[in-house]
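Fold and contact review
Here is how the chains run, residue by residue.
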Amino acid sequence: MPGKNLRVVVTRKLPEPVETRLQELFDTRLAADDAPMNRDALAEAMASADVIVPTLGDRIDAGLLGQAGENLKLVANYGAGFDHIDVATALSRGIMVSNTPGVLAEDTADMAMALILGVPRRLKEGAALIQSGEWEGWAPTALMGHRISGKRLGILGMGRIGQAIARRARGFGLQIHYHNRTRLRTETEESLEATWWESLDQMLARVDILSVSVPHTPSTFHLLNARRLKLMKPTAYVVNTSRGEVIDENALTRQLRAGELAGAGLDVFENGHDINPRLKDLENVLLLPHMGSATEEGRLEMGEKVIINIKTFCDGHRPPDLVVPAML
């Protein structure tokens, strides 16, 4: 199908260069503003489009896919994660799904490292003291945190992002430990000076900081449940820049409030922007609004991948970033 005849519907405001290029190549309908589409608007878009470009906040479930028009053949997701899309149902209806992997590892690892540094060193509390006007100057025992050099960092999920975190953490003198479904190659382990734990439970009991870097799948939902969180030392910290659903947020909140964990740094939450208010009230918790991928460079590269996936599909070929059943 010639590109200008391919109807593409974009659900959210994207960076201007990405939108401009989409309009140049395809018959593109852009979002009027940056508010998420409601379910009716999504259904209407899917009924009229050849390709839809959703984002993380758009839940493309079986019900919506059942309302898709006969022409919808590609869901070109703007983002690496695809747990908001019922991929199995899409594939059963002959609709391909693509994503944008590999472009955000460095940006997300930077944010994870910021939280790994920021929580033990109490940056949130220090900044709040300045903003309140209550700071009266340096004091020998004020806002004492913990040195991270020499501590054990446990990385849950050692894919691109986990390895990027490990490279950064080594520079700060952290000992690298990791749990992954499959062990890394020997040369990769040696280059990262990383120790593999076959048992997640055993690793959790021994690390000082845990950084979560696994996707949300049925097998990782509440992977860090109340039982596993209780295995961690009361002096340990939890950092999550992957998906909020991996951690039982209520259990985490209870342990933080009870002093059974030292603190947490979270960029993602189990229920989107609906965050447990008790979690927000804790001084030893640093919360960020899903900023891990929020760089101009990263968001432009995501857009470029979306365009390549659509253009390849338009030319009659398999999109390079196709989500396949083995990934589910």
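Residues numbered from 1 in each chain as written. Predicted model: local features only at pLDDT ≥ 70, side-chain atom pairs only at ≥ 80, totals over all residues. Heavy atoms only, no water.

Some details on the overall build of the protein chain
Counting its regular elements, the protein chain contains 13 helices and 12 strands. By the compact-globule yardstick of 20 Å for 328 residues, the protein chain fits well, its C-alpha radius of gyration being 22 Å. Projected onto its principal axes, the C-alpha positions of the protein chain cover 70 × 50 × 30 Å. The buried share among the 328 residues of the protein chain stands at 49%. Across the protein chain, every contact between residues at least 6 apart in sequence was considered, and the portion connecting residues at least 24 apart equals 60%. (Helix = DSSP H or I, 4+ residues; strand = E, 2+ residues; numbered from the N terminus. Rg over C-alpha atoms; globule rule 2.2 N^0.38 Å. Buried < 20%, exposed > 50% of the residue type's maximum accessible area, 1.4 Å probe, protein only. Contact = heavy atoms within 4.5 Å.)

Some thoughts on the pattern of salt bridges
By the definition in use, this model includes 19 salt bridges. Of the charged contacts, one joins Arg122 and Glu125 as a salt bridge, the two residues approaching to 2.9 Å between their closest N and O atoms. Under the relative-accessibility criterion, Arg122 is labelled partly exposed at 28%. For Asp315, the salt bridge identified is with Lys311, shortest N-O distance 3.2 Å. By relative accessible area, which is 43% here, Asp315 ends up partly exposed. (Salt bridge = Lys/Arg side-chain N within 4 Å of Asp/Glu carboxyl O.)

What about unusual backbone geometry?
Residues other than glycine seldom take positive phi values, yet Leu143 does so here, at roughly 50°. Looking at where Leu143 falls in the secondary structure, it is placed in the loop between α6 (123-132) and β6 (152-156). Look at Leu143 and you get partly exposed, because its relative accessible area is 34%. Located in the positive-phi region is His290, a residue other than glycine, with phi close to 50°. Considering the arrangement of structural elements, one finds His290 in the loop between β12 (285-287) and α13 (296-314).

Digging into the sheet that holds β12
A sheet is described by the order of its strands in space; here seven strands give the open sequence β8-β7-β6-β9-β10-β11-β12, paired in parallel fashion. With one partner strand each, in any of the chains shown, β8 (194-196) and β12 form the two edges of the open sheet. The sheet shows a mean angle of 20° between the axes of neighbouring strands, direction not considered. Bridge count between strand β11 (residues 263-266) and β12: three bridges; the pairing is parallel. Within the sheet, the bridge partner assigned to Ala264 lies in β12 and is Val285. Where helix α7 (residues 160-171) meets the sheet, its contacts fall on β6, β7 (175-179) and β9 (209-212), and the angle it forms with β6 comes to roughly 170°. (Pairing = 2+ DSSP bridges. Axes fitted to C-alpha atoms, helices over the stretch in contact; angles between N-to-C directions.)

Some remarks on the nonpolar core
It is characteristic of soluble globular proteins that their nonpolar side chains tend to be buried jointly. One finds Leu156, Leu210, Val212, Leu224, Met232, Leu252 and Leu256 to be the most contacted residues of the largest nonpolar core, which totals 28 residues. Listing elements by their share of this core, those giving two or more residues are α9 (200-204), β9, α11 (249-257) and β11. Filtering out sequence-adjacent residues up to four positions away, Leu210 remains in contact with Gly154, Leu156, Met203, Leu204, Leu224, Met232, Tyr237, Val238 and Val239. The next biggest cluster of nonpolar side chains, apart from the first, holds 26 residues, and it includes Met111, Ile165, Val239 and Leu286. (Core = buried A, V, L, I, M, F, W, Y, C linked by side-chain atoms within 4.5 Å.)

So, the UniProt feature "domain: D-isomer specific 2-hydroxyacid dehydrogenase NAD-binding" (unreviewed entry) in the protein chain
The sites that carry the UniProt feature "domain: D-isomer specific 2-hydroxyacid dehydrogenase NAD-binding" (unreviewed entry) are, in the present numbering, residues 113-292. Annotated as 32% helix and 16% strand, the span residues 113-292 places its first and last C-alpha atoms 10 Å apart. (UniProt positions renumbered as here; feature names shortened; annotations may be inferred.)

Thoughts on the pairing of strand β10 (residues 237-240)
On β10, burial covers both faces: Tyr237 and Val239 on one face and Val238 and Asn240 on the other are all buried. Looking at chain direction, β9 and β10 are connected through four bridges and run parallel. If you follow Leu210 over to β10, its bridge partner there is Val238. The pairing of β10 with β11 spans four bridges and is classified as parallel. In the sheet register, Asn240 faces β11, and the bridge partner there is Leu266. The handedness of the β10 to β11 crossover, carried by α11, is right-handed. (Right-handed = clockwise from strand over helix to strand, strands pointing away.)

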